[in-house]
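Chain residues, written in single-letter form:
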Amino acid sequence: MFAAALRESARVVLPVAAVVTGATVMASANDEVVPAPNYPFSHKGPFSSWDTKSIRRGYQVYKEVCASCHSMKYMHYRDLVGVAYNEKEAKFLAEQIEVEDGPNDEGEMFERPGKLSDVFPAPYENEEQARAINNGALPPDLSLIAKARHGGEDYLFALLTGYREAPAGVTVNEDAGQYYNPYFPGGKIGMPLQLIDGAVEYDDGVESTASQMAKDVCTFLAWAAEPHQDDRKRVGQQMLTLFAICAVIAGYHKRFKWAPIKNTKISYFK
Amino acid sequence: MQSIMLRLRQNSLFNVYVNHAEWYPSPANLNYFWGFGSIALGVLVSQIVSGVLLAMHYNANINLAFNDVEHIMRDVVGGDGLRYLHANGASMFFISVYVHIGRGLFYGSYFYPRITLWYSGVILFFLMMAAGFLGYVLPWGQMSFWGATVITNFFSAIPVVGGAIVEWLWGGFSVDQPTLNRFFSLHFLIPFLLAGVAIIHIALLHEHGSNNPLGINENIKKIPFLTYYGIKDLFGIMLFIVFFVYFLVNCPNLLGHADNYIEALPLVTPAHIVPEWYFLPFYAILRTIPDKLGGVIAMVVAILILLSLPFLDTSKIRSGLFKPLHFINFILFICVTLCLGWLGQSVVEFPFSNLSEVVTILYFFYFISHFRLTTQYVK
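Residues numbered from 1 in each chain as written. Chains lettered and ligands numbered in written order. Predicted model: local features only at pLDDT ≥ 70, side-chain atom pairs only at ≥ 80, totals over all residues. Heavy atoms only, no water.

## Some points on the packing of aromatic side chains
A ring pair, where both rings are aromatic, is described by two values, the distance of the centres and the angle of the planes. Spelled out, the test is: Under the pairing criterion, centres of Phe, Tyr and Trp rings, with the six-membered ring standing for Trp, must be within 6.5 Å; the plane angle then separates stacked pairs below 30 degrees from edge-to-face pairs above 60, leaving the rest tilted. Helix and strand labels come from DSSP, where a helix needs a run of H or I of at least four residues and a strand needs a run of E of at least two; each type is numbered from the N terminus. The buried label goes to any residue with under 20% of its type's maximum accessible area, the exposed label to any with over 50%, and the partly exposed label to all in between, with areas taken from a 1.4 Å probe on protein chains only. Geometrically, a lysine NZ or arginine CZ counts as sitting over a ring once it is within 6 Å of the ring centre and also within 35 degrees of the ring normal.
Under the defined criterion, the tally for this structure stands at 45 aromatic pairs over all chains. With 5.7 Å between their ring centres and 70° between their planes, Phe133(B) and Phe183(B) make a pair best called edge-to-face. Here the residue Phe133(B) occupies a position in helix α6 (residues 115-137), and Phe183(B) occupies one in helix α9 (residues 177-208), the gap between them amounting to 50 residues. Residue class for Phe183(B) comes out buried when judged on its relative accessible area of 5%. Grouping aromatic residues by their ring pairs yields a cluster made of Tyr59(A), Tyr62(A), Tyr77(A), Tyr85(A), Phe120(A), Phe220(A) and Trp223(A). The lysine or arginine in question, Lys232(B), covers the ring of Trp258(A), its NZ or CZ lying 4.9 Å from the ring centre. Here Lys232(B) stacks its cationic end above the ring of Tyr32(B), 4.7 Å away from the centre of that ring.

See below:
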């Protein structure tokens, strides 16, 4: 009876499923944006950790290229310690910036060199200044950008390397600070192409091609959005192992306890 | 030692444990679908514990809320795991409860004499939805803000007093500081109401005992809850935890929306405002009706129609195992609900809006069809 019922239900379900799948294909073809490909970032798997060398290079790209327009208000110099730099190096990096602190005992604000506890410096005083300088466009804060965009680091990589000539029929006003990028929703982005071969000189000698820099800065941004992912993955795998073993023990114990009930035989006599 | 245990067991509080857990008579043939009640209870406890811990690091202030969530994610020891546990726990709660409701629908757990039990379950479902919605507002991201704006605006569909009710809910003329503050307060309160109603739900269950896959009276043969169902539920819970932890480790943001990592901007509306995945079927029904009030009514009726099942279902047989037409109808209903969920996050244009009209009718058809249609050929 079950088999018959399943066959019957399949007869009803399959056409519905066909309609659903068909419409999904139409849905993905609908928006005016090219979906980012799935790139093989080395940190993606459940057992893989961050590529810290890439994060270090990515921070260099951020500092030398992106930071002139984009802030990272949730990132502190201390976050780099143990990941991209050791404590001494990170302290040295922090001391390169001037931070306004105070008030001191005389009630006056003063400038001091940065400390590990300081956030990365913001390029603009406020949103209005940022918009005024960038043709009305606001460069977003990059601390969470890898989580705040569909596609995450894949999208960022596709965007950074995806600049090309506008196709026929699309008018892009470069004088008003518009550039064509098929991965950006709507296709017109306020940021010009930034990563050209050799824009940065890496201190570990890796050749700084545009795609290398894009990969490094995307790894850095993905890490910045999720700095504790390695710890969470490690603890998570331990918990998965633990609970999987618990499940096996509980399953065995369940079978053991239920054996008398499962083997109960009920007979009826006249 | 033995006499202490004996005296302890005669204590009235311990009696509750003995009568309602240890020796509670359960049918011998319950399958693993019956374990989802225990799983839902487990997730509720996990949500309350993780929620209380999160509240220690959170300020319900529009200028601080988003930063506080990031502070939890970055600076609180284990805070990222805690926050993901809580955010995904809501999804896990709904997964387990949807399976629980589906089990009740299929095996006819709503039939007399368990009508009050079924009704208390609908109240629990409403409270869950309220808690889920209020909690989604607290991180004060773009989807939090605009989701709150859209959902509170449902009340403006009420004739005459609607606008006043919405302003009363907001505590102002838009979703703002008073709204966030009261949503935090209510989000803290509702889980405890939920726990209270869950206790009532269990008390009502224990009045007539569990239904079973055969849907027949099993009072002739029952087995004690412990250890039989204790260990069976524990096995189910362990498997569910493995599923849950896998989710936490590998895709903690899969069920969330990317826009919620952008701080709320009252002047920038997101391109597509979508609620959390567990509201999507009802959101699709809401958008299907072209009239605002009609849509809200249809959405509420889509849940309230569960209350009519004990009376709409004219079958003399309880379990879906013995009703082939009901079996097909049920599988179709699951497909329809999943399809509605998918339509709920699609854009409102051809063919989705047209498809959702058909599918919404199919959704309601499931309930109405129980009145004689799927039951009369059984004999």
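Following the structure, the description resumes.
## What about the environment of Ile190(B)?
Residues and elements named next belong to chain B. Note the following rule: The criterion used for residue contact is that any of the two residues' heavy atoms lie within 4.5 Å.
Mapped onto the secondary structure, isoleucine 190 falls in helix α9. For the pair formed by isoleucine 190 and methionine 128, sequence separation is 62 residues and the distance between their alpha carbons is 8.1 Å. Residues in contact with isoleucine 190, not counting those within four places in the same chain, are Leu127, Ala130, Ala131 and Leu134.

## Some points on the nonpolar core
Convention followed: Remark: nonpolar core denotes a set of buried residues (Ala, Val, Leu, Ile, Met, Phe, Trp, Tyr, Cys) joined through side-chain atoms within 4.5 Å.
In terms of nonpolar packing, the biggest core is built from 111 residues, with Leu105(B) and Tyr363(B) touching the most fellow members. The leading source of residues in this core is α6(B), at 12 residues. Non-local contacts of Tyr363(B), meaning those with residues more than four positions away in its chain, are made with Phe282(B), Ile285(B), Ala302(B), Phe333(B), Val336(B), Thr337(B) and Leu340(B). Core analysis: the second largest hydrophobic core is formed by 47 residues, Met72(A), Leu142(A), Cys218(A) and Ala224(A) among them.

## Details of the side chain of Asn211(B)
Residue and element names in this part refer to chain B. In plain terms, the rule: Contacts described as polar in this section are N or O atom pairs within 3.5 Å, which, within protein, must combine one atom able to donate a hydrogen with one able to accept it, while residues neighboring in sequence count only if both atoms come from side chains.
The residue asparagine 211 is located in the loop between α9 and β2 (222-224) in this model. For asparagine 211, a relative accessible area of 2% gives the class buried. In terms of polar contacts, asparagine 211 uses its side chain to reach the backbone carbonyl oxygen of tyrosine 107, at 2.9 Å. Within the structure, asparagine 211 has its side chain in polar contact with the side chain of serine 109 (distance 3.1 Å).

## Observations regarding the domain arrangement of chain B
All names here are of chain B. Stated formally: A domain assignment, automatic or from a database, supplies the domain bounds used here. When two parts are put together, the accessible area they lose, computed with a 1.4 Å probe and summed over both, is reported as buried area.
According to the domain assignment, chain B contains domain 1 (24-272) and domain 2 (274-379). Computed over C-alpha atoms only, the centres of domain 1 and domain 2 are separated by 21 Å. Taken together, the contact between domain 1 and domain 2 spans 40 residues of the former and 35 residues of the latter. Both sides of the domain 1 and domain 2 interface together cover about 3400 Å² of buried area, and 74% of this is carbon and sulfur. Here domain 1 is connected to domain 2 by nine residue pairs in polar contact (both at pLDDT 80 or more). Of all elements in the fold, only α5 (79-106), α6 and α7 (142-152) reach the threshold of two or more residues within the side of domain 1 that touches domain 2. Element by element, the count of residues in the side of domain 1 that touches domain 2 is highest for α6, at 10 residues.

## Thoughts on the domain arrangement of chain A
Structurally, chain A comprises domain 1 (2-75 + 127-227), domain 2 (77-118) and domain 3 (229-270). Computed over C-alpha atoms, the centres of domain 2 of chain A and domain 3 of chain A are 54 Å apart.

## Some details on the pattern of salt bridges
Close approach of charged atoms lets side chains of opposite charge pair. Residues and elements named next belong to chain A. Threshold: The rule for a salt bridge is simple: a side-chain nitrogen of Lys or Arg has to be within 4 Å of a carboxyl oxygen of Asp or Glu.
A complete count under the given rule lists 19 salt bridges over all chains for this structure. Taking the shortest distance from any N to any O, the salt bridge between arginine 78 and aspartate 79 comes out at 3.6 Å. A relative accessible area of 34% means that arginine 78 is categorised as partly exposed. Here arginine 112 ties to aspartate 101 by a salt bridge, and the two come within 2.7 Å at their closest N and O atoms. Of the two residues, arginine 112 is situated in strand β2 (residues 110-113) and aspartate 101 in strand β1 (residues 98-101); the sequence distance between them amounts to 11 residues. Residue aspartate 101 is classed as partly exposed on the basis of its relative accessible area, which comes to 26%.

## Points about α5(B)
Residues and elements named next belong to chain B. How we decide: A helix is expected to span 1.5 Å for every residue after the first. What the bend at a residue measures is the angle between two axes, fitted to the seven residues ending there and to the seven starting there.
For α5, built from 28 residues, the straight-helix expectation of 40 Å at 1.5 Å per residue is met to within 8% by its first-to-last C-alpha distance of 40 Å. Considering bend angle alone, the principal kink of α5 is centred on glycine 89 and spans about 30°. By the criterion of burial, α5 is predominantly enclosed, with 21 of the 28 residues buried. In the segment just after α5, glycine 108 is the residue with positive phi, at about 70°.

## Describing the interface of chain A and chain B
How big an interface is tends to be reported as the loss of accessible area on association of its parts. Every contact between the two is made by 48 residues of chain A and, on the other side, 48 residues of chain B. A buried area of about 4300 Å², summed over both sides, lies between chain A and chain B, and 72% of it is on carbon and sulfur atoms. Interface area lost by chain A to chain B is led by Tyr74(A), Arg232(A) and Trp258(A), which between them contribute 15%. Inspection of the chain A/chain B interface yields three salt bridges. The tally of links from chain A across to chain B stands at 10 residue pairs in polar contact (both at pLDDT 80 or more). Counting residues per element, the ones that place at least two in the side of chain A that touches chain B are α1 (2-28), α5 (145-148), α7 (210-225) and α8 (229-262) of chain A.

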